[in-house]
Amino acid sequence: MTRRTGVSPSDPLGGRRPGPVGLSPQRRLLHSLRGVMAGSGPVQARLDRIVQIVAAQMVTEVCSCYVARPGEVLELFATVGLKPEAVHRTRLAVGEGLVGQVAQRGVPIALANAPADPHFAYRPETGEDPYQSFLGTPIIRDGKVRGVLVVQNRTRRTYHEEEIESLQTIAMVIAELLAGQPFGAEFETAPAAAQGGLPNRLEGMVFATGMGRGLAVLHRPHVAMREIVGGDPQEERARLDDALLALYSSLDSLLDASDPASSHERREILETYRMIAEDRGWLRRIRDAIDTGLSAEAAVQRVQNDLAARLAPITDAYLKERLQDFRDLTNRLLLHLAGKTSAAAAGTLPDDVVLVARSIGPAELLDYDERKLRAVVLEEGSPSSHVAIVARTLDIPVIGRCPGAMDEIEPFDPVIVDGENGQVFVRPAEDVIDAFEQNRSARFRRRAQHQEQAHQPALTRDGVRVSININAGLLLDVPQLFSTQADGIGLYRTEIPFMVRSAYPDVHAQTDLYARIYQQAAGRPVVFRTLDIGGDKTLPYMPIDREQANPALGWRAIRIGLDRPRMLRIQLRALIRACNGRRLDVMFPMIATVEEWRRAMALLRLELDRARDEAVPPPRVLRCGVMVEVPSLLFDLDRLAAETDFLAIGSNDLAQYVFAAARDHPDLSVRYDPLSPPFLRIVRQIVEVGERHGTDVSVCGEMAGRPLDSIGLVAIGVRNLSMTPLATGPVKAAIRSLDIGRTRAYLLQLLESRDGSLRLALHAFARDHGMEI
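Right, let's walk through the structure included here. Not measured: the values here are computed from a predicted model.

Inspection of the secondary structure puts Ser 250 in helix H5 (residues 233-257). By relative accessible area, Ser 250 is classed as buried at 17%. Ignoring anything within four residues of it in the chain, the contact list for Ser 250 reads Arg 332 and His 336.

Structure below.
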């Protein structure tokens, strides 16, 4: 057996000296690093010591630390094993080589034969050619990758789970070391001078409409950890338990402070948070991390980093929201461990607050005095629908994906937020202030019109009824059926409860959940989409090879259901039991062929036979359909429509497959417009096939929730739309202002005469004819 060697046993740092007797390898490693973290001195020198200690303790020939620099670049900052002259000279772009892949994916990569990997990139100045095995883990803080920590060996070494976890823990130690440091400033050009009070305009994406004006308050929830390495695990566990009690008490106080009569949605969110905060799997992982030698604070952060890494590749909005829920709870728990209450409690708030944050959860938002909140600006990503719900109940706009917000906006800067066009005006000029006041007055008038129409049907000017439904994925979404006066739930995403559990929910758990949905829906129809996992949505208890190149086209949705029929049958069994003799609507996702549809229906018939044998009441009405999102179905629509009760067009996926353009690609997301002749002809084709066979056709993607797009869809024959709850008011107003006959004639003319997007032309037509868009 080949002996693996690391740095010299005579290492003056004592890397190879044994730690206290009886400690696990990870705790010995943390014990060795404790002195480095507690000491003083330049950060560069401390990084140099850390990589030497890690190489010695993990018995690796190489340990290197790369730090993220401006411009999506990773710079080699410290190493043992690679050539010393490569430090501060070797730079890799994010995504370049294995190191760049770790930073891009945000998850560890372990390879026994690294040179054979297609992403391997050889940099001769480092002298890394003899090394075969590679283990790299991201250095993460505040949800961002701050660098990469790497170990390498000459032999083809298989790194075990314990070693990966140890390196992740050290990466967290380094993240705290780098936090807030003017580290490496000598290697960068000095930043541009501040704006000095000049007006500035930032742009982002609208996630809750409205207009807001106030003074900026910067939300900074992160608490610096004083100790990474814990002492007595029992003492750290006791500190954790005390902080959890304080966390539960604070959530209970928020619940008690909310008015049950007027804040039902907020109560639902807080009750959900209270339930998540008691999740046994989450708490067990934190306590296990404490037992490895971490302090309570470090254990909480470590579990959050692991969860963020696992969910990083996932694009599903609901799953991103669950990650935000846990991030919110992590921040709150860290505050309680530090003896604080909330980030909102620091300082006195002005009377009119524009809250600026990198990201924020709904419970964090509710910490602020709702009487003073006027708008929210988020620098990173998308806010959760929970934040959007809270914003709607508070009647404030939310702008997300606003780059530079935390850097450009100073505390107490005057800010105007245009939640119609996604603009944030910092230190606005007088003309901007005047325009804001005029627009806000006009918006108040439009809202009054929407409220008047809320209880009226979505009936066009020429008397055509359109069904308005909402999309949902959580139990707390269901009450919005009544606040929006929607006809039903056109898409219920059933996979969300599967994602937040540590084990596959059995038939009893699923039956209970679906029965509660029926109960809350109070007789309004709910279309249940069967489990849509795979690709970028994985279950922690079900290993699925993640196809990084193109997960959207991989083993997912109905493909998993047909290959693992027991999973699909259990879900169908639970739905039949939960309906308890009521109407049942089932939709199968990602169907690519009629044969797949028939196989899925065969499994459903087996469960119906089983229900009859077990004396379970069968559905009073059974409606079964397909989500049309795979283009292959377009060539077999007649056969499919003859056998289905409904066809639901998933416009998001169908558009990206038709145009061969990933919908989240920054350069392609606005390049191909669904309001263009190719896509509208496809929708019209599906509608016409549905009419021939008496099969209902609906649209349940983002397209359905945009007023102008909904006008186009209704004009070419769609009579059923399903959208986010926030979109129902504007869409209903648009439909009630629509004359289908006139608009259809104009749109069909455009389809024959135009090649590109029809958006501008349809927008002008709608304005000229007094439509609400």
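Here we come to the environment of Asp 512. Following the sequence through the fold, Asp 512 ends up in helix H16 (residues 507-521). Here Asp 512 falls in the partly exposed class, since its relative accessible area comes to 43%. In the structure, Asp 512 is positioned 62 residues away from Ala 574 in sequence and 8.2 Å away in space, judged by C-alpha atoms.

The next subject is the nonpolar core. The biggest cluster of nonpolar side chains holds 101 residues, and the ones touching the most others in it are Tyr 514, Ile 517, Phe 528, Phe 588, Ile 686 and Leu 721. Considering every element that reaches this core, the biggest residue donor is helix H18 (residues 565-579), with 9 residues. Phe 588 has contacts with Thr 530, Ile 558, Leu 572, Trp 597, Ala 600, Met 601, Gly 625, Val 626 and Met 627, leaving out every residue within four places of it along the chain. Val 36, Tyr 159, Ile 276 and Leu 283 belong to the second largest nonpolar core, which has 85 residues in total.

Okay, helix H21 (residues 651-658) next. A large share of H21 lies buried, amounting to 6 of its 8 residues. Among all positions in H21, only Ser 651, Asp 653, Leu 654, Ala 655, Gln 656 and Tyr 657 are buried. Close packing links the buried residues of H21 with strand E19 (622-628), strand E20 (646-649), helix H22 (677-693) and strand E21 (696-699). At the exit of H21 stands Ala 660, carrying a positive phi of roughly 50 degrees.

Once that is clear, we can look at the pattern of salt bridges. Summed over the entire model, instances satisfying the criterion amount to 37 salt bridges. Residue Arg 157 is joined to Glu 163 by a salt bridge in which the shortest nitrogen-to-oxygen separation is 2.5 Å.

Here the focus is the packing of helix H23 (residues 707-715) against helix H24 (residues 728-736). It is the contact of H23 with H24, at a shortest axis distance of 9 Å, that shows an interaxial angle of 45 degrees. As summarised for this structure, H23 and H24 are arranged oblique, according to the angle between their axes. Both H23 and H24 take part in a crossing whose hand is right-handed. Judged by residue contacts, Pro 707, Ser 710, Ile 711 and Val 714 of H23 engage Pro 730, Val 731, Ala 734 and Ile 735 from H24. The class makeup of the residues in the contact of H23 with H24 is 7 nonpolar, 1 polar and no charged.

Our next topic: empty space enclosed by the protein. In total, this model carries 6 cavities of 30 Å³ or more according to the counting rule given. Considered as a void within the structure, the largest cavity measures approximately 170 Å³ in volume. In terms of lining residues, the largest cavity is bounded by 19 residues, among which Val 99, Phe 120, Ala 121, Glu 128 and Phe 134 are the most central. Only strand E1 (62-69), helix H3 (97-105), strand E5 (133-141) and strand E6 (144-153) provide two or more residues apiece to the lining of the largest cavity. Here the element with the most residues in the lining of the largest cavity is H3; it accounts for 3 residues. Along the lines of polarity and charge, the residues of the lining of the largest cavity split into 10 nonpolar, 7 polar and 2 charged. The volume enclosed by the second largest cavity comes to roughly 100 Å³. For the second largest cavity, the lining is made up of 12 residues, of which Thr 137, Pro 138, Ile 140, Gln 168 and Asn 305 are closest to its centre. Broken down by secondary-structure element, the contributors of at least two residues to the lining of the second largest cavity are E5, helix H4 (161-178) and helix H8 (296-311).

About the thresholds
- Residues numbered from 1 in each chain as written.
- Predicted model: local features only at pLDDT ≥ 70, side-chain atom pairs only at ≥ 80, totals over all residues.
- Heavy atoms only, no water.
- Helix = DSSP H or I, 4+ residues; strand = E, 2+ residues; numbered from the N terminus.
- Buried < 20%, exposed > 50% of the residue type's maximum accessible area, 1.4 Å probe, protein only.
- Contact = heavy atoms within 4.5 Å.
- Core = buried A, V, L, I, M, F, W, Y, C linked by side-chain atoms within 4.5 Å.
- Salt bridge = Lys/Arg side-chain N within 4 Å of Asp/Glu carboxyl O.
- Axes fitted to C-alpha atoms, helices over the stretch in contact; angles between N-to-C directions.
- Parallel < 35°, antiparallel > 145°, perpendicular 65-115°, else oblique.
- Left-handed = near helix turned anticlockwise from the far one by under 90°.
- Nonpolar A, V, L, I, M, F, W, Y, C, P; charged D, E, K, R; others polar.
- 1 Å grid on protein atoms, 1.4 Å probe; cavity = no way out; pocket = protein on both sides within 12 Å on 5 of 7 lines; lining within 4 Å.
- Points joined across faces, edges and corners; volume = space filled by probe spheres on them.

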